[in-house]
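# An overview of the molecular structure
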Amino acid sequence: MSHGPRSGLAAVSSALLAMSRHLEVRDVLKTIVASARELLDAHYAALGVPDDHGGFAQFVVDGVSDAQWKAIGPLPRQHGILAAMLHETSPVRLADVRKDPRFEGWPAAHPELSDFLGLPIRDGDEAIGALFLANKRRHPKEHHPEPGQAGDCGFTEEDEELLAILAQHAAIALTNARLYERSRELTIAEERSRLAHELHDAVSQKLFSLRLTAQAAARLVDRDPSRAKGELQQVAALAAEAADELRAAVVELRPAALDEDGLLATLRTQIQVLDRAHTARVTFASTGFRALPAAQEEALLRVAQEALHNALRHSGAGHVDVTVNRRGGGAVLRVTDDGGGFDPHSVHSAGRHLGLVSMRDRANGVGGTLTVESAPGKGTTIEMEVPGG
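Cut-off values and rules
- Residues numbered from 1 in each chain as written.
- Predicted model: local features only at pLDDT ≥ 70, side-chain atom pairs only at ≥ 80, totals over all residues.
- Heavy atoms only, no water.
- Salt bridge = Lys/Arg side-chain N within 4 Å of Asp/Glu carboxyl O.
- Helix = DSSP H or I, 4+ residues; strand = E, 2+ residues; numbered from the N terminus.
- Buried < 20%, exposed > 50% of the residue type's maximum accessible area, 1.4 Å probe, protein only.
- Expected span 1.5 Å × (residues − 1).
- Pairing = 2+ DSSP bridges.
- Axes fitted to C-alpha atoms, helices over the stretch in contact; angles between N-to-C directions.
- Contact = heavy atoms within 4.5 Å.
- Polar contact = N/O pair within 3.5 Å; in protein donor to acceptor, adjacent residues only side chain to side chain.
- Phe/Tyr/Trp six-rings, centres within 6.5 Å; stacked < 30°, edge-to-face > 60°.

Here we come to the pattern of salt bridges. Inspection of every chain in the model, using the stated rule, returns 13 salt bridges. For Glu-383, the salt bridge goes to Arg-334, with nearest N and O atoms at 2.6 Å. In this pair, Glu-383 is assigned in strand E10 (residues 380-386) and Arg-334 in strand E8 (residues 330-337), connecting sequence segments 49 residues apart. Note on Arg-334: relative accessible area 32%, which makes it partly exposed. Through salt bridges that share partners, Arg-327, Arg-334, Glu-383 and Glu-385 make up one connected network.

Glancing now at helix H8 (residues 294-314). Taking 1.5 Å per residue, 21 residues should reach 30 Å; H8 reaches 30 Å between its end C-alpha atoms and fits that length. Phi turns positive one or two residues past the end of H8, at Gly-316, with a value near 70°.

With that settled, consider the sheet that holds strand E4 (residues 116-123). If you walk across this open sheet you meet the 5 strands as E2-E1-E5-E4-E3, and the pairing is antiparallel. The strands lining the two open edges of the sheet, one partner per strand, are strand E2 (56-62) and strand E3 (92-94). Between one strand and the next, the sheet's axes are offset by a mean angle of 15°, whatever the strand orientation. Pairing geometry for strand E1 (residues 42-50) and strand E5 (residues 126-136), over 6 bridges, is antiparallel. Along E5, the bridge assignment pairs Ala-46 with Phe-132.

Following the sequence through the fold, Asn-325 ends up in strand E7 (residues 319-327). Each C-alpha atom of the pair Asn-325 and Ala-285 lies 8.3 Å from the other, and the pair is 40 residues apart in sequence. Those residues in contact with Asn-325 that sit more than four places away from it in its chain are Ser-286, Thr-287, Gly-330, Ala-331 and Val-332. Within the local environment of Asn-325, its side chain forms a polar contact with the backbone nitrogen of Thr-287, the two atoms lying 2.8 Å apart.

Across all of its chains, the model carries 5 aromatic pairs by this definition. Ring geometry for Phe-56 and Phe-59: centres 5.3 Å apart, planes at 70°, overall edge-to-face. The class for Phe-59 is buried, based on a relative accessible area of 10%. Members of the aromatic cluster, connected to one another through ring pairs, are Phe-56, Phe-59, Trp-69, Phe-116 and Phe-132.

We now examine the side chain of Asp-96. Its place among the elements puts Asp-96 in the loop between E3 and E4. Within the local environment of Asp-96, its side chain forms a polar contact with the side chain of Arg-98, the two groups lying 2.9 Å apart. If sequence neighbours within four positions are ignored, Asp-96 has contacts with Leu-113, Ser-114 and Asp-115.

Structure below.
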């Protein structure tokens, strides 16, 4: 029976394949990073998934304590050697990352890194992440060339091969997560289309009633003026209702414009749409909220959307309430439903599990916190707090 890194990798590989089928992407990535650090005998390991705004949507580390990570500060931006790994086509081994021309430094609390191994995580030709290792452990009995000689990086070609296999597992997990997100977007598009038809039908019915009532008033003008007056008042009421429905069709169906309308207006509009589209009552209120930096408002909006999606699609709630209130210099978002609830510690729905992980990542990415309170039969409350900018 074989032992060592390759046999260990086989066990990790089997576990990752089983996990990937359940879309528990955050757990898969954490297992990959921890396994890479252990199998390749490194002090530090990390995996970054880029977002569309020059940062990282997810950044998983191993070998750094929670206290160290908190001291380092917010998630890193796409710069220096981190950004370079997203554009490479093959693994990169460096004897000292600090001497690489792409190196741009790190925060004061960041651990000192020397030898480095990194490679992109690819889906076809697209880089969807990057996997990094640093500070290979050097055993006393091993011979290492003098600094500057070829091969003085502690990581080896075999390490590259093992890391490439783990990167393939990361690609599977991330691709699965992206497919899930795209399926959700299709569901939202179908929901908007259905809502458009409902609004069209409602307006058509109002206009048909308006025409009939106007015709009745015209026939009554000469022989029964008082009844005609009542019919004309009904005409005015129907016209106002039709105008409201048309305004809803124009305003509520247009894409959300967070940068133009701000968080509260965007949330209010989307919640009005959801309230019309679902049998559940969906309400919104806000007290004392002050505008926040764009990244924080976007994170609050995306968490609210995910929480609403879960409540309306999975919980069977009759009422979902959303509030955004000021707290100190920041804000707190609460999404509460009276649905079936669940055990947050043993979530069996892969979709909801992925949603909770995504929400936590968004909160952490802007220096915020996310808490989930739920129990079977007791409904669910999701709260996200962000600091002031």
